[in-house]
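Descriptive analysis of the structure
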Amino acid sequence: MTVTEHVSLVPYEDALATYDPVMGLEVHVELGTRTKMFCGCSTELGADPNSQTCPTCLGMPGALPVVNAIGVESAVKIGLALNCEIAEWCRFARKNYFYPDMPKNFQTSQYDEPIAFNGYLDVQLDDGEIFRVEIERAHMEEDTGKSLHVGGATGRIQGASHSLLDYNRAGIPLIEIVTKPIEGAGARAPEVAKAYVAELRELIKALDVSEARMEQGQMRCDVNLSLRPHGRTKFGTRSETKNVNSLRSVERAARYEIQRHAAVLNSGGTIIQETRHFHEEDGSTTSGRVKEEAEDYRYFPEPDLVPIAPARAWVEELRGGLPELPRLRRKRLREEWGVSEHDMQSMLNAGAVDLITATIEAGAPADQARKWWMGELARSANETSTDLAALPITPAQVARVAELVTAGDLNDKLARQVLEGVLAGEGDPDTVVEKRGLKVVSDEGALGTAVDEAIAANPAIADKIRAGKVAAAGALVGAVMKATRGQADAARVRDLILERLGAQG
């Protein structure tokens, strides 16, 4: 059962009529390196608990860390893509606090000397408006271990009989990206938060530094929010909703906190600076712990690691190798494909843009590639609660189905059956066509016979067509398609019907 607080929320519109929301978003991204940030232990998922550990990531006395070079390179790439300045010299710091899943009792992070700082990311809202989110910093750090609370109803520590600890995740490289205060979004603040995290996720994936799968915890967002009365410049007290792991939830968490803060303030209460837990089932948040200030962590420079000083030539080399930024790429593809902004956003939300692009590169016409990925395949993904990219079919296979349709060997109905067969593991498209006998009937003699039989069985309809009512041909086309189990070319069938009956199409 979810732990809930009895809060009477202020209607969203009423809250915005009195207060301006100010947000700060902190996004943690797990890097896709093969080894941890400060040791050589594997980062592969799914291993037995505590099987990917060593004295360094377990915090044993005398164990010394070594910085992961790919982790540093990934951090610089992210900073450059976010239009940040890259530090000429920076160093790690110890962030001191005790928690059971952090075996060293400190986290190796960066404090006032991050590797990247002072950047921005332009995000596009649903109506096409561009909103600039300014970046305070992006810094390197390590992840903690994972606690598993056993015996309770919620999976949280409250009510649990005992807890288990898995340190496989301890030391996995993280980049934390922190925005400057996001002001001026008004009623669109939750939408801006969602759009920012979505754009950041696409950017991270384009850089190939992480898969950024939010549902697997590879990317998670802390939503900081405060309200201030209209006309005031001083920020209100903020809350921090921790570890929100989906785009929809980021938006819902921001919206809920706006309504909750307004309710507290309107009643004469005081906002407590605290962390909050987000609950997916109803979109609410509940209190976590009182939020520490920076001085509570007693930061000091990490004595066991030398400073990082990225060479300027190397930084510029990385800048020159950055991929096309996602927003610019989408704009280019939208123009090339001739689709609307709304359609492009739908493809992005479905995770289909890269799949469609790869299908086109494999030889499919753009409209066919979009049609199959956003139609039949998207439907299959939704029905099985599977990501589109995780379906057991490749862009090359979809392109082959499109090729068979273009060549007239398949119609749309048969193509859907071929896709169904590929998804069911029956083989590639040609194998499925062969096994199921799905090719379009192209034998003119066989088609002619089927057409003649349909005309003979439906004399009244045939008379209407002879009288010039060619729209009635649809009924005869349907009869032929039924007789051929959908394996006839409907357009050719219609032509044959009109020819037989002496009608003009």
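Above this text you will find the structure in question.
Quick caveat: nothing in here was measured; it's all calculated off a predicted structure.

**A few points about the overall build of the protein chain**
- Helix and strand counts for the protein chain stand at 17 helices and 14 strands.
- In terms of overall size, the protein chain is more extended than a compact globule, its C-alpha atoms giving a radius of gyration of 29 Å where 505 residues would be expected to give roughly 23 Å.
- Judged by the C-alpha coordinates and their principal axes, the protein chain covers about 90 × 55 × 50 Å.
- Across the 505 residues that make up the protein chain, the buried fraction comes to 46%.
- A separation threshold of at least 6 residues defines the contact pool for the protein chain, and within that pool the share at least 24 residues apart is 68%.
- About 24,300 Å² of surface is accessible on the protein chain, with carbon and sulfur atoms providing 50% of the total.
- A distance of 2 Å separates the average location of the 57 positive side-chain charges in the protein chain from that of its 75 negative side-chain charges.

**Some remarks on the packing of helix H2 (residues 69-81) against helix H5 (residues 312-320)**
- Contact pair H2 / H5: the axes reach a minimum separation of 10 Å and the direction vectors enclose 65 degrees. In the packing of H2 onto H5, the handedness of the crossing is right-handed. Here Val72, Glu73, Val76, Lys77 and Leu80 of H2 come into contact with H5, specifically with Trp314, Val315, Leu318 and Arg319.
- Within the contact of H2 with H5, the residues separate by chemical class into six nonpolar, no polar and three charged.

**Focus on the sheet that holds strand E9 (residues 173-179)**
- A sheet is described by the order of its strands in space; here nine strands give the open sequence E2-E5-E6-E9-E1-E10-E11-E12-E13, paired in mixed fashion. Since the sheet does not close on itself, it has two edges, and those belong to strand E2 (85-86) and strand E13 (284-290), each with one partner.
- In this sheet, E9 lies alongside strand E6 (residues 130-142) in antiparallel orientation, the contact comprising seven bridges. Its bridge partner being in E9, glutamate 141 is matched across the sheet by leucine 174.

**Focus on empty space enclosed by the protein**
- For the structure on display, the rule yields two cavities of 30 Å³ or more.
- As for the largest cavity, its lining consists of Cys57, Met102, Pro103, Lys104, Phe106, Gln107, Glu142, Asp143, Thr144, Ala170 and Gly171.
- Looking at side-chain class alone, the lining of the largest cavity contains five nonpolar, three polar and three charged residues.
- Taken together, Phe38, Thr56, Cys57, Pro65, Lys104, Thr108, Glu142 and Gly171 make up the full set of residues lining the second largest cavity.

**Quick word on the pattern of salt bridges**
- Tallied over the entire structure, the rule returns 36 salt bridges.
- One salt bridge connects lysine 194 with glutamate 251, and the closest N-O pair in it is separated by 3.8 Å. Of this pair, lysine 194 sits in helix H3 (residues 189-207) while glutamate 251 sits in helix H4 (residues 247-266), placing them 57 residues apart in sequence.
- Lysine 194 gets classed as partly exposed once you look at its relative accessible area, which sits at 32%.

**Notes on the packing of aromatic side chains**
- Using the criterion set out here, one finds four aromatic pairs in the structure.
- Between phenylalanine 38 and phenylalanine 92, the aromatic rings sit 5.3 Å apart at their centres with planes inclined by 85 degrees, giving edge-to-face as the arrangement. Taken together, the residues phenylalanine 38 in the loop between strand E1 (19-30) and H2 and phenylalanine 92 in the loop between E2 and strand E3 (93-96) connect sequence positions 54 residues apart. The burial state of phenylalanine 38 is the same as that of phenylalanine 92; both residues are buried.
- Both rings, one in tyrosine 97 and one in tyrosine 297, keep their centres 5.6 Å apart while their planes meet at 65 degrees; by these two values the pair is edge-to-face. With tyrosine 97 in the loop between E3 and strand E4 (106-109) and tyrosine 297 in the loop between E13 and strand E14 (300-301), this pair connects stretches of sequence that are 200 residues apart.
- The buried category is assigned to tyrosine 297, whose relative accessible area is 8%.
- Residue placement shows lysine 95 over the ring face of tyrosine 297; its charged tip is 4.5 Å from the ring centre.
- Sitting above the plane of the tyrosine 120 ring, arginine 132 keeps its charged end 3.7 Å from the centroid.

**Regarding helix H8 (residues 353-361)**
- Those residues of H8 not exposed but buried are Val353, Leu355, Ile356, Thr357 and Thr359.
- The secondary structure elements touched by the buried residues of H8 are helix H6 (326-337), helix H7 (341-349), helix H9 (366-374) and helix H11 (395-406).
- Positive phi shows up at glycine 363, right after H8, with a value of about 115 degrees.

**Points about the sheet that holds E14**
- Taken in spatial order, the three strands of this open sheet run E4-E3-E14, and their pairing is antiparallel. Each end of this open sheet is capped by a strand with a single partner; those strands are E4 and E14.
- In the sheet, E3 pairs with E4 via four bridges, with the strands oriented antiparallel. Looking across to E4, one finds that arginine 94 is bridged to threonine 108.

**What to know about unusual backbone geometry**
- The phi torsion at asparagine 118 lies on the positive side, around 60 degrees, for a residue other than glycine.
- As for its placement among the helices and strands, asparagine 118 is situated in strand E5 (residues 116-124).
- One non-glycine residue with positive phi stands out, namely aspartate 208, at about 60 degrees.
- Among the secondary structure elements, aspartate 208 is positioned in the loop between H3 and strand E10 (219-229).

**Observations concerning H9**
- Restricting attention to buried positions, one finds in H9 the residues Gln368, Ala369, Arg370, Trp372 and Trp373.
- Elements that come into contact with the buried residues of H9 comprise H6, H7, H8, helix H10 (376-383), H11 and helix H12 (412-423).

**A word on the side chain of serine 210**
- Residue position: serine 210 is located in the loop between H3 and E10.
- Take serine 210: its relative accessible area is 6%, and that puts it in the buried class.
- A polar side-chain atom of serine 210 sits 2.7 Å from the main-chain carbonyl oxygen of glutamate 30.
- Every residue in contact with serine 210, bar those within four places of it in the chain, is listed here: Val29, Glu30, Leu31, Gly32, Ile204, Lys205 and Gln218.

**Quick word on the environment of isoleucine 115**
- Looking at where isoleucine 115 falls in the secondary structure, it is placed in the loop between E4 and E5.
- Isoleucine 115 gets classed as buried once you look at its relative accessible area, which sits at 1%.
- Sequence separation between isoleucine 115 and leucine 419 is 304 residues, and the spatial gap between their C-alpha atoms is 48 Å.
- Non-local contacts of isoleucine 115, meaning those with residues more than four positions away in its chain, are made with Val72, Ala75, Val76, Glu85, Ile86, Ala87, Cys90, Gln110, Ala138, Met140, Ile308 and Pro310.

Reading guide: rules and limits
- Residues numbered from 1 in each chain as written.
- Predicted model: local features only at pLDDT ≥ 70, side-chain atom pairs only at ≥ 80, totals over all residues.
- Heavy atoms only, no water.
- Helix = DSSP H or I, 4+ residues; strand = E, 2+ residues; numbered from the N terminus.
- Rg over C-alpha atoms; globule rule 2.2 N^0.38 Å.
- Buried < 20%, exposed > 50% of the residue type's maximum accessible area, 1.4 Å probe, protein only.
- Contact = heavy atoms within 4.5 Å.
- Areas by Shrake-Rupley, 256 points an atom, 1.4 Å probe, with all protein chains shown as cover.
- Lys, Arg positive; Asp, Glu negative; His and termini not counted.
- Charge placed at Lys NZ, Arg CZ, Asp CG, Glu CD.
- Axes fitted to C-alpha atoms, helices over the stretch in contact; angles between N-to-C directions.
- Left-handed = near helix turned anticlockwise from the far one by under 90°.
- Nonpolar A, V, L, I, M, F, W, Y, C, P; charged D, E, K, R; others polar.
- Pairing = 2+ DSSP bridges.
- 1 Å grid on protein atoms, 1.4 Å probe; cavity = no way out; pocket = protein on both sides within 12 Å on 5 of 7 lines; lining within 4 Å.
- Points joined across faces, edges and corners; volume = space filled by probe spheres on them.
- Salt bridge = Lys/Arg side-chain N within 4 Å of Asp/Glu carboxyl O.
- Phe/Tyr/Trp six-rings, centres within 6.5 Å; stacked < 30°, edge-to-face > 60°.
- Lys NZ or Arg CZ within 6 Å of the ring centre and 35° of its normal.
- Polar contact = N/O pair within 3.5 Å; in protein donor to acceptor, adjacent residues only side chain to side chain.

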